[in-house]
Amino acid sequence: MKILTWNCNGAFRKKFKLLDQFQADILIIQECENPAESKDKDYTNWAKNFQWVGDSKHKGLGIFVRQDIELRLLDWSHDGLKYFIPCRINNKFNIIACWCHGANSPTFGYIGQLWKYMQLHKHKFETAIVAGDLNSNVIWDKWDRWWNHSDVLRELNEIEIKSLYHHFTKEEAGKELTPTFFHRKDIKKPYHIDYLFGSSSIKDDMTNFTIGNVDEWLQHSDHMPILCELKQS
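Thresholds applied
Residues numbered from 1 in each chain as written. Predicted model: local features only at pLDDT ≥ 70, side-chain atom pairs only at ≥ 80, totals over all residues. Heavy atoms only, no water. Helix = DSSP H or I, 4+ residues; strand = E, 2+ residues; numbered from the N terminus. Rg over C-alpha atoms; globule rule 2.2 N^0.38 Å. Buried < 20%, exposed > 50% of the residue type's maximum accessible area, 1.4 Å probe, protein only. Contact = heavy atoms within 4.5 Å. Areas by Shrake-Rupley, 256 points an atom, 1.4 Å probe, with all protein chains shown as cover. Pairing = 2+ DSSP bridges. Axes fitted to C-alpha atoms, helices over the stretch in contact; angles between N-to-C directions. Core = buried A, V, L, I, M, F, W, Y, C linked by side-chain atoms within 4.5 Å. Arc of directions from axis to C-beta.

Draft legend 1. Broad picture of the overall build of the chain. Within the chain, the regular secondary structure consists of 6 helices and 14 strands. The C-alpha atoms of the chain give a radius of gyration of 16 Å, which matches the 17 Å a tight globule of 233 residues would have. Reported as C-alpha extents along the three principal axes, the dimensions of the chain are approximately 50 × 40 × 40 Å. Counting all 233 residues of the chain, 53% fall into the buried class. Within the chain, counting contacts between residues at least 6 apart in sequence, those at least 24 apart form 61% of the total. By element, 46% of the accessible surface of the chain is carried by carbon and sulfur atoms, the whole surface being about 11100 Å².

Draft legend 2. Summary view of the sheet that holds strand β3 (residues 50–56). If you walk across this open sheet you meet the 6 strands as β3-β4-β2-β1-β14-β13, and the pairing is mixed. Strands with a single pairing partner mark the edges of an open sheet, and in this sheet they are β3 and β13 (206–211). Taken over all neighbouring pairs, the strand axes of this sheet differ in orientation by 10° on average, direction set aside.

Draft legend 3. Layout of the nonpolar core. I3, F12, I26 and I29 are the most contacted members of the largest nonpolar core, which has 49 residues in total. Sort the elements by how many residues they give to this core and strand β2 (residues 26–32) lands first, with 5 residues. Discounting residues that sit within four places of it in the chain, I26 has contacts with M1, K2, I3, L4, I63, F64, V65, I69, I89, F93 and I95.

Draft legend 4. Examining unusual backbone geometry more closely. Looking along the chain, the bond that leaves K82 and enters Y83 is cis, with omega of -20°. Inspection of the secondary structure puts Y83 in the loop between β5 (71–73) and β6 (84–89). The residue N90 is not glycine, and still its phi comes out positive at about 50°. If you trace the backbone, N90 turns up in the loop between β6 and β7 (93–99). One non-glycine residue, E126, lies in positive phi territory at about 50°. Within the secondary structure, E126 is located in the loop between α2 (111–121) and β8 (128–133).

Draft legend 5. Up close: helix α3 (residues 149–158). Within α3 the residues assigned to the buried category are H149, D151, V152, E155 and L156. Down the axis of α3, the buried side of the element spans an arc of 160°, and every buried residue falls inside it. On its buried face, α3 sits against α2, β8, β9 (161–163) and β12 (194–199). Positive phi appears at E160, one or two residues downstream of α3, with a value of about 60°.

Draft legend 6. View of the environment of A36. Mapped onto the fold, A36 is located in the loop between β2 and α1 (41–46). The exposed category is assigned to A36, whose relative accessible area is 62%. In this structure the C-alpha to C-alpha distance between A36 and F50, which are 14 residues apart in sequence, comes to 9.6 Å.

Draft legend 7. Fine view of α2. Taking burial as the measure, the 11 residues of α2 include 8 buried ones, the bulk of the element. Buried residues in α2 make contact with β6, β7 and α3.

Structure representation (structure tokens):
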């Protein structure tokens, strides 16, 4: 099974075919249009099995899966937090799709949104993948804040969920050698802010981890697609 996450930087209806090369079974896409309200027939025909959330039909968070995969939306409250889609896949594991947003929050923007979401639901994550654009990295931790990126990592670790990239590369959080994002598409401003986390059984099933090549993908988005491959189906 191949699971991919990508912040497409908008206009996904024009870009979804770019991802065919990965042959992903599950795609978690940030800044995509709502297929249910799109007039683009190619896009709506492609998006047969999906869940989507957003404040504007033009830009939200979507999860798209192959038609033979059971995608069941879980009835978890979000309390205004942006944006999360909790789903059950083939009744085997949960996926928590994320696009951590500023959400007009004066205190709990970006990684704070995930921290608050975890306070509500982490006891239900069970065997799970947490994936998406977190807009965050350890390098932006603040000494007087109790919901830093490091705090989120610690809480995920407590329920045995870890970053698949860091497990695969053996790199430390905050010292990533491969960026996933280039601010304003500036090659001189690289950051690692997109993630795939997995429970222990998922981590043990991983056979490969890939980040899209900047020379190919920067023309399409300021974010690179990231992909993990698992033995399980």
